[in-house]
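Structural features, examined
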Amino acid sequence: MWRDNLCRFGLIALATDMTIEGDSLRLLPDSCRLHVTRIAFDNPTTAENLLKTGPRLRAASELLVPGVELQGIGFACTSAAAVLGPKVQEEIGGRAPVTTPAGAALRGFEALGVRRVALMTPYMQEASDLVGDHFAAHGVDVVSRRAMGHADDRDMALLPGDEVIRFALESDHPDAEALFMSCTALPAVAVIEEIEAKLGKPVISSNQALFWAMLDIAKVPAKGVGQLFRVRTW
């Protein structure tokens, strides 16, 4: 297997995601490289369409620089990961540790000592509940759930920062120890620290959590955005 001095990660993104590569540039250190492949995705974001991503993962993972050592592989869809659960790992296989935004968020909540969260999503309510129910099934108290009502992740990617900030502030709950902003298409990374300053609590986004967890599992030191990037589990 080919190896070098760089830390290399693979990423399986949805064909319609317009956000995640840009966020990776903000969050991965210079010592890392990200190799991306994509799978077809059928909007709108419904449970039925999310389930269709599962059988597409294996072939996609095989396209990630074959024969090159990877420190981790990420699947970049929060709601699909919530629906598919362990099937994501089963489909991608054991070439490298597999991380999803949903699993990364749970890892982040534990690292931050967070048990109660407010959930904000750009989705329709149906997809939002898939994520909220997934967290609840893993012992997290989701004290509020707010959905912006978008059906297409390309529309989500074009949301202006001030609209993301406004909805995030409205989505917080006094009982929440943190706010989670779901969806890898949501342009949230650039505004996390502003929202944290206004709320006085950790704010976690799907992409932030995904890359934080991939780096954390690989034990790669990194500076990033928000309170989450200031904690490590090793």
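A brief report on the enclosed structure follows. Note that the structure is a prediction, hence the values are computed from the model and not measured. Numbers given to residues run from 1 along each chain, matching the order in which its sequence is written. Reporting in this predicted model follows two pLDDT cut-offs: at least 70 for local features of residues, and 80 or more for side-chain atom pairs to be given and counted; totals over whole chains, interfaces and linings ignore these cut-offs and use all residues. Only hydrogens and water are removed before side-chain values are computed, so all heavy atoms of the structure are retained for them.

**Remarks on the sheet that holds strand β3 (residues 72-76)**
Any two strands with at least two DSSP bridges between them are considered paired. Numbering goes from the N terminus for both helices and strands, where a helix is a DSSP run of H or I of at least four residues and a strand is a run of E of at least two. Strands sit in the order β2-β1-β3-β4 across an open sheet of four strands; the sheet is parallel. The open sheet is flanked by β2 (32-39) and β4 (98-99), the only strands paired with a single partner. Pairing analysis gives two bridges linking β3 to β4, with the strands arranged parallel. Paired with I73 across the bridge in β4 is V98. In what follows, a contact means two residues having at least one pair of non-hydrogen atoms within 4.5 Å. For helices, the fitted line uses only the C-alpha atoms of the stretch in contact; every axis is such a line through C-alpha atoms, and the angle between N-to-C directions lies from 0 to 180 degrees. Along the sheet, helix α1 (residues 20-27) makes contact with β1 (7-14), β2 and β3, crossing β2 at roughly 165°. Packed on one face of the sheet, helix α11 (residues 206-218) meets β1, β2, β3 and β4 and runs near 150° to β1.

**Section: the packing of helix α6 (residues 101-112) against α11**
When two helices pack together, their arrangement is given by the angle between the helix axes and by the axis-to-axis distance. Where α6 contacts α11, the two axes come as close as 8 Å, and the packing angle between them is 75°. Here α6 lies roughly perpendicular to α11, going by the angle between them. Across the interface between the two elements, P101, A104, A105, R107, G108 and A111 from α6 touch S206, A209, L210, W212, A213, D216 and I217 from α11. The cut-offs work like this: below 35 degrees is roughly parallel, past 145 is roughly antiparallel, 65 to 115 is roughly perpendicular, and the gaps in between are oblique.

**Notes on empty space enclosed by the protein**
Here the idea is plain: a probe the size of a water molecule rolls over the atoms and shows the empty space left. Each cavity reported here is a set of points on a 1 Å grid over the protein atoms alone in which a 1.4 Å probe fits but cannot get out, each pocket an open set with protein on both sides within 12 Å along at least five of seven lines, and each lining residue one with an atom within 4 Å of a point. Grid points are joined across faces, edges and corners, and a volume is the space filled by probe spheres set on the points. This model, assessed by the stated rule, comprises two cavities of 30 Å³ or more. The space that makes up the largest cavity amounts to roughly 90 Å³. The wall of the largest cavity is formed by 14 residues, among which L14, C77, S79, D153 and C183 lie closest to the centre. At the level of secondary structure, the elements contributing two or more residues to the lining of the largest cavity comprise α4 (78-84) and α8 (153-157). Under the convention adopted here, Pro, Cys and the residues Ala, Val, Leu, Ile, Met, Phe, Trp and Tyr are nonpolar, Asp, Glu, Lys and Arg are charged, and Gly plus all remaining residues are polar. The residue inventory of the lining of the largest cavity, partitioned by class, reads eight nonpolar, four polar and two charged. Taken as a whole, the second largest cavity encloses approximately 40 Å³ of empty space. As for the second largest cavity, its lining consists of D23, M181, C183, L186, A188, V189, S205, S206 and N207. A per-class count over the lining of the second largest cavity returns five nonpolar, three polar and one charged.

**Considering the nonpolar core**
Membership of the largest hydrophobic core comes to 60 residues, with the highest contact counts inside it found for F109, M120, F135, L179, M181 and I195. Here the element with the most residues in this core is α11; it accounts for seven residues. Excluding anything up to four places from it in sequence, L179 contacts A118, M120, A168, S171, D172, I195, L199, K201, P202, V203 and I204. Of all hydrophobic cores here, the second largest spans 18 residues; its members include L64, F75, A80 and V98. Residues belong to one nonpolar core when they are buried, are Ala, Val, Leu, Ile, Met, Phe, Trp, Tyr or Cys, and are joined through side-chain atoms within 4.5 Å. The classification of residues rests on relative accessible area computed with a 1.4 Å probe and restricted to protein chains. Under 20% of the type maximum is buried, over 50% is exposed, and intermediate values are partly exposed.

**Thoughts on the pairing of β3**
Within a regular beta strand, the side chains point alternately toward one face of the sheet and then the other, so they alternate between its two faces. In terms of residue burial, β3 counts as a mostly covered element, since five of its five residues are buried. Residues G72, G74 and A76 point to one face of β3 and I73 and F75 to the other, with burial holding for every one of them. Across five bridges, the pairing between β1 and β3 is parallel. Looking at β3, one finds that I12 is bridged to F75.

Purely geometric numbers; function is a separate question.
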